[in-house]
Amino acid sequence: METGKINLSIDSDIRQVQHVGEAVRVLCSHLELAGAKPSSVELAVVEAINNSIEHAYRSESGNSVDVAFEYDADCLNIKIKDYGVPMPTSIAGQLSQEVIMPNGSVDMDGLPESGWGVQLLKSVCDEVSYQRIQSCNTLSLSFKLASVTA
Amino acid sequence: MSFEVEIKEGIAVVAVTAGRLDASVAPELKKVVSNVIDDGTSRIMLDLQRVQFMDSSGLGAVISSFKLTGQKGEFVICNMNEAVKEIFELTHMDRLFDIYPNADEGFQKMCA
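Structure report, in brief.

## Things to note about the interface of chain A and chain B
- The partner chain B presents 25 residues to the 31 residues of chain A that form the contact.
- Carbon and sulfur atoms make up 63% of the surface buried where chain A meets chain B, a total of about 2,300 Å² over both sides.
- In terms of surface lost to chain B, no three residues of chain A exceed Met108, Glu113 and Trp116 of chain A, which account for 27% of the buried area on that side.
- Applying the counting rule to chain A against chain B returns 4 salt bridges.
- In this structure, Glu22 of chain A engages Arg20 of chain B in a salt bridge whose closest nitrogen and oxygen atoms are separated by 3.8 Å.
- Counting every contact that joins chain A to chain B gives 8 residue pairs in polar contact (both at pLDDT 80 or more).
- Residue contributions to the side of chain A that touches chain B peak at 8 residues, all from helix 2 (residues 38-56) of chain A.

## Brief notes about the pattern of salt bridges
- For the structure shown, the criterion picks out 10 salt bridges over all chains.
- Here Glu86 of chain B ties to Lys37 of chain A by a salt bridge, and the two come within 3.1 Å at their closest N and O atoms. Here Glu86 of chain B, found in helix 3 (residues 82-90), pairs with Lys37 of chain A, found in the loop between helix 1 (17-31) and helix 2, and the two come from separate chains.
- With relative accessibility at 45%, the residue Lys37 of chain A sits in the partly exposed group.

## Looking at the packing of helix 2 of chain A against helix 4 (residues 116-124) of chain A
Residue and element names in this part refer to chain A.
- Where helix 2 meets helix 4, the closest approach of the two axes is 9 Å, and the angle between their N-to-C directions is 145°. Along this stretch, helix 2 crosses helix 4, giving a crossing that reads as left-handed. Facing helix 2, whose interface residues are Ser40, Leu43, Ala44 and Glu47, helix 4 presents Gly117, Leu120, Leu121 and Val124.
- When its residues are assigned to classes, the contact of helix 2 with helix 4 shows 5 nonpolar, 2 polar and 1 charged.

## Considerations on the pairing of strand 1 (residues 3-8) of chain B
All names here are of chain B.
- With 6 bridges joining them, strand 1 and strand 2 (residues 11-16) adopt antiparallel strand pairing. What sits directly across from Glu6, in strand 2, is Val13.
- Where strand 1 folds back onto strand 2 in an antiparallel hairpin, the turn is made up of 2 residues, including Glu9, whose phi is positive at roughly 50°.

Rules behind the numbers
- Residues numbered from 1 in each chain as written.
- Chains lettered and ligands numbered in written order.
- Predicted model: local features only at pLDDT ≥ 70, side-chain atom pairs only at ≥ 80, totals over all residues.
- Heavy atoms only, no water.
- Contact = heavy atoms within 4.5 Å.
- Buried area = accessible area lost by both parts, 1.4 Å probe.
- Salt bridge = Lys/Arg side-chain N within 4 Å of Asp/Glu carboxyl O.
- Polar contact = N/O pair within 3.5 Å; in protein donor to acceptor, adjacent residues only side chain to side chain.
- Helix = DSSP H or I, 4+ residues; strand = E, 2+ residues; numbered from the N terminus.
- Buried < 20%, exposed > 50% of the residue type's maximum accessible area, 1.4 Å probe, protein only.
- Axes fitted to C-alpha atoms, helices over the stretch in contact; angles between N-to-C directions.
- Left-handed = near helix turned anticlockwise from the far one by under 90°.
- Nonpolar A, V, L, I, M, F, W, Y, C, P; charged D, E, K, R; others polar.
- Pairing = 2+ DSSP bridges.

If you want it as structure tokens, here you go:
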């Protein structure tokens, strides 16, 4: 099984995010990472970058968001790094909580219009974790890869 | 413009013409739906035929659009591709919204 590392970097401009998303989808398709659905990996990376831009950089462009891929036979690990303010505790706390989605009897008018990003991240990734070291925020996403047998 | 609006028999068909309903486009959807309602149409069908990718911001804009139509209005969605359908399934929104496989079925249901 091929192993590898790929790094991408974009400006903290929400209009730039789609380019990374599309690159991620193509990359996953090209590498044929069994078990990592390209559309799910794209969704996770886009949500993570959106989070960096909206919260760490408060939607201001001119800052850097770095995306690092590392894969081997067992796992695809993606780290999204920014250098803005720490992730709000309300969001970081959700990372360690169980995902609870609304059921069919919920009042539609009471549905939240935001806050779905972390829930989606947790739904599509096998593991999600957050670290702040010095002035760097790192959101780590992990996808277990299925072993391919001949 | 990332959207087209057509009024047919009192129903506003809002078609997303962008391939992605994401954070860069989502605020525009809310404005378009708000304008449609201000112009007197609160029965809305959102056509996602050309949308290949949706994120949580897009989902939030869809929820917001639904809320704007109010209790007297109507809001249905049609033409989801597999990736968009997955977002609705993961969040259980597929259980809450009226979703049709194509515009014709959605339109017929709204006119029934």
